[in-house]
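# Survey of secondary and tertiary structure
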Amino acid sequence: MNPIASSHPNSFGARATLRVKDQSYEIFRLDAAEKSLGIDLTRMPFSMKILLENLLRNEDGQSVKREDVEAVASWSPAAKPSKEISFHPARVLLQDFTGVPAVVDLAAMRDAMVHLGGDPRKINPLQPADLVIDHSVQVDYYGSSSAFRLNAEMELNRNRERYEFLRWGQTSLKNFRVVPPDTGIVHQVNLEYLASVIFRSNQNGLVSAYPDTLVGTDSHTTMINGLGVVGWGVGGIEAEAAMLGQPISMLIPEVVGFRLSGSLPVGTTATDLVLTVTQMLRKKGVVGKFVEFYGPGVSSLKLADRATIANMAPEYGATIGLFPVDAETLDYLLFTGRDRALVELVREYYVAQQIFHTPQAPEPHFSDALELDLETVEPSLAGPKRPQDRVPLKESKQMFLEELRSTQEGAADKPAKQTVNRWTGEGGTPCPTVAASSVAVLEEVDYSGSVAVEYNGKTFTLQHGSVVIAAITSCTNTSNPSVMIGAGLLARNAHQLGLTAQPWVKTSLAPGSKVVSDYLQASGLVRDLDAIGFYLVGYGCTTCIGNSGPVPEPIANAIERGKLVVVSVLSGNRNFEGRINPHARFNYLASPPLVVAYAIAGKMDIDLHNEPLGTSKTGKPVFLKDIWPAPEEIQQVMQQALRSEMFSKQYSNVFEGDQLWKSMRIPQGDRFEWKSDSTYIKSPPFFEDMTLQPPLLTDIGDACVLALLGDSVTTDHISPAGSIPVKSPAGQYLIERGVEPKDFNSYGARRGNHEVMMRGTFANIRLRNLLAPGTEGGWTKHLPDGQVMTIYDAAIKYQREEVPLIVIAGKEYGTGSSRDWAAKGTRLLGVKAVIAESFERIHRSNLVGMGVLPLQFLNGENRETLGLTGLESYSIEQIASGIVPGGKYKVRVLSDDGDRKTFSVVARVDTPEEATYYLHGGILQYVLRQLMHA
């Protein structure tokens, strides 16, 4: 798509023809614009050159004006973001958790189009959109050769209704493809197959060529930056607008250069490197900025290593983490089965545009820069609660004990709980042993205890620091053959010595694509991974997003009985509190080989440099160094086992699916037939009573605070993934509709039902709402009566009373995964505005896209300096006069005792286009009205 209109003004004379062998392509040359403007682009960052080409090609005098092109062409490293531009991605990428609600919204928009008197068939993705079903598999079964089959069967049984809905979308919506379940993780499928680096479109016989660019409904869309493709994660709301042909509004970014030199030392992995990079960039502060890697060390990194680093751009806070296209990129494209003619076009195009990297290329000028000598990287983990908190392996035991002590001291400062009313999950799936207090869990804890457990015919002791989950999972590392083969070789060495995982550890292997299984099978390492306990459980994003499934009931009971702080170790990218499993209080990110090592050790309070992992079958102590594979051995196995034809074979029919997928019922018709009794798919209320013209803006008067929150509240806290507790509002809703707890599935799987999701908003078991001190979970205080109740129940009561709501928070509000339901649920609960010290980029944008106003305290001010308790009444003024990007607005506060306060906030509606979205009540309403008038 993205056709070049014949009426394109071509203001800079950049339109040209590129001939590659016997094919001609229309392109927009950067050197022509360079000459026209009399500027030198030689030292411009590659990412900015790709943005410049995007504007040159899409210049239309409306969304992209001549002055926009000039602004990007004259980009200065010293400039601060102030100029808005419109970015037109070539395609959109979705995963099923965020993709299902996007397709639900498209189906609802078709209904709304009919209600407004329009043609429902106008509602289609206008840009190519691919959805990969990868987030729905859960680790219910593990530790046996039948685990994959059983988990796949459970996945299909749980999600049949969702999958039938996606089959409707696959057949009824144009420009929309679906990769069926049990195929791989969206980002790895994108890296290995979907991404083309150069996008080609055919319009009226004219073939255009331009850089492959995209936005995705998952934060880790940035993984594709490792292939030189500019793309990043957006909210589902923004992605839906992009699918409908709307540009992505953005400020011209700062670009931070990250210079790499040297090469990784023996004993380190790409995981250690990315944890080091993440820590450095978080400390530097790159939120909202582009990061671009350069320097001599780039050439020493294989494509998979680059993808590992690019994947975690959300963890270090950047919009993208781009590696340039170079010879390694071309080799990877060929090796993974891309057409040779395409690869030739990639080379010719990028050379012609002077964005093909060579070691001799002049280093770009950046807004800021930092440097890492790869030789200094050391084995590392990250945790126990944030991916940027790197833990050197040699200090891991000491740092764990310090964290444990800190947790003990923090708990001792809290009042003991008055009553206990557990959200039990008896008989439930996926987590029948879930236990989260419905009143409070912050009681004083004895941190010296241990609990004896009998399970599977074995008796053992659980204590603080016991590793209960060890998962090789997630897009970050399972895309990287060196660390996956490294894990297999470590397992082989351990197996030969008679070691295996401890009986209390839930082990799992969830590769990112079937190619991983192919090369592990070819190398013979599957047998050794199985022997340690790492049987295949599925192809998809499992433990990293909370789909870890239940820990065995005897172990869960022991954790609860002993109030133990136990641990998960996973090769993922997210370890936020409460995310991985409700029983694992501490969570550590680690390379796949280290995941295997910790499964064998069974505990976190171990010095892997100086203490043995276990005892061999001959009675000798075995240390990590004894089983750690040599880099030469890893390389040799890779060369022997990993073959190009594996990619061609696995992706030859990637959209077809297996017989179960093909045999599913496909609903027919231009409009989806909603089922009134469905608990998975429901028509959302976003377009109810919608009119052709947007309503007038109004001030927010006499609002109550629904939640008063601290720093680093994540989208996990706001819109949780994982299990649905029986006694929660969402669980009770399902039970009232005849759904048994064993069939609850997860919040993520039910994202197509707004009734479930709004009940799960702010319901995370680790959320701490300061309005209800001494509690943990989705609790608040209703005003003015002061009654403590669930946030959902309070919100509904406020709606009946016609009281608008606000949320007050601290720094970094909305960090983490780009969950659209964190914004959708906030709106449906009746929240009109969120006032915070700072916002995460995607969530802030999502709030605007749903018609919720993000407001930021002035520098140096927050709820504490202003003396706000959250028990007051709040009025936000001047909104009715219009929303100005970055404008200041007055907040008047009235407390019960008559005390009055006034302070100013800044509207974090950052661009004029976002202001337009807010005026219309949200981005979808804006797009619908535009299509009605088209």
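About the criteria used
- Residues numbered from 1 in each chain as written.
- Predicted model: local features only at pLDDT ≥ 70, side-chain atom pairs only at ≥ 80, totals over all residues.
- Heavy atoms only, no water.
- Helix = DSSP H or I, 4+ residues; strand = E, 2+ residues; numbered from the N terminus.
- Buried < 20%, exposed > 50% of the residue type's maximum accessible area, 1.4 Å probe, protein only.
- Polar contact = N/O pair within 3.5 Å; in protein donor to acceptor, adjacent residues only side chain to side chain.
- Contact = heavy atoms within 4.5 Å.
- Pairing = 2+ DSSP bridges.
- Axes fitted to C-alpha atoms, helices over the stretch in contact; angles between N-to-C directions.
- pLDDT = per-residue confidence, 0-100.
- Core = buried A, V, L, I, M, F, W, Y, C linked by side-chain atoms within 4.5 Å.

A separate point is the side chain of Asn225. With respect to the secondary-structure elements, Asn225 resides in the loop between β9 (213-216) and β10 (230-233). Taking the relative accessible area as the measure of exposure, Asn225 reaches 0% and is therefore buried. Among the polar contacts made by the side chain of Asn225, one reaches the main-chain carbonyl oxygen of Val229 at a distance of 2.8 Å. The contacts of Asn225, once residues within four sequence positions are left out, are Val230, Gly231, Ala310, Ile320, Gly321, Leu322 and Phe323.

What follows is about the sheet that holds strand β12 (residues 255-261). Sheet strands pair by backbone hydrogen bonding; their relative direction is either parallel or antiparallel. The four strands lie next to each other as β14-β13-β12-β15, forming an open sheet whose pairing is parallel. Both edges of this open sheet fall to β14 (320-322) and β15 (368-373), since each of them pairs with a single strand only. Each adjacent strand pair in this sheet contributes to an overall mean axis angle of 20°, direction not counted. Where β12 and strand β13 (residues 290-294) come together, five bridges link them in parallel fashion. Its bridge partner lying in β13, Arg259 is registered against Tyr294.

With that settled, the discussion passes to helix α6 (residues 186-194). For α6, the buried fraction is high: eight of the nine residues fall into the buried class. For α6, every residue scored as buried is listed here: Val186, His187, Gln188, Val189, Asn190, Leu191, Glu192 and Leu194.

Looking now at the environment of Leu871. Looking at where Leu871 falls in the secondary structure, it is placed in the loop between β31 (853-857) and β32 (873-876). When the C-alpha positions of Leu871 and Gln732 are compared, they lie 29 Å apart, and in sequence the two are 139 residues distant. Other than its neighbours up to four places away in sequence, Leu871 contacts Leu771, Lys781 and Leu783.

In the predicted model, the protein chain carries a mean pLDDT of 92, and the fraction of residues at 70 or more is 95%. Residue range residues 415-445 is modelled with pLDDT below 50. Its contacts to residues more than four positions away, or to other chains, number 90 contacts.

Below, the discussion takes up the environment of Phe623. Take Phe623: it is sitting in the loop between β25 (621-622) and α20 (624-627). With relative accessibility at 22%, the residue Phe623 sits in the partly exposed group. The sequence separation of Phe623 and Pro612 amounts to eleven residues, and the corresponding C-alpha distance is 4.3 Å. Contact partners of Phe623, with chain neighbours within four places excluded, come to Asn610, Glu611, Pro612 and Leu613.

Looking now at the nonpolar core. Leu227, Trp232, Phe293, Tyr316, Tyr519, Phe534 and Tyr813 are the most contacted members of the largest nonpolar core, which has 268 residues in total. No other element matches helix α4 (residues 96-115), which puts eleven residues into this core. Among the nonpolar cores identified, the runner-up in size contains 29 residues, and Leu771, Val848, Val891 and Val905 belong to it.

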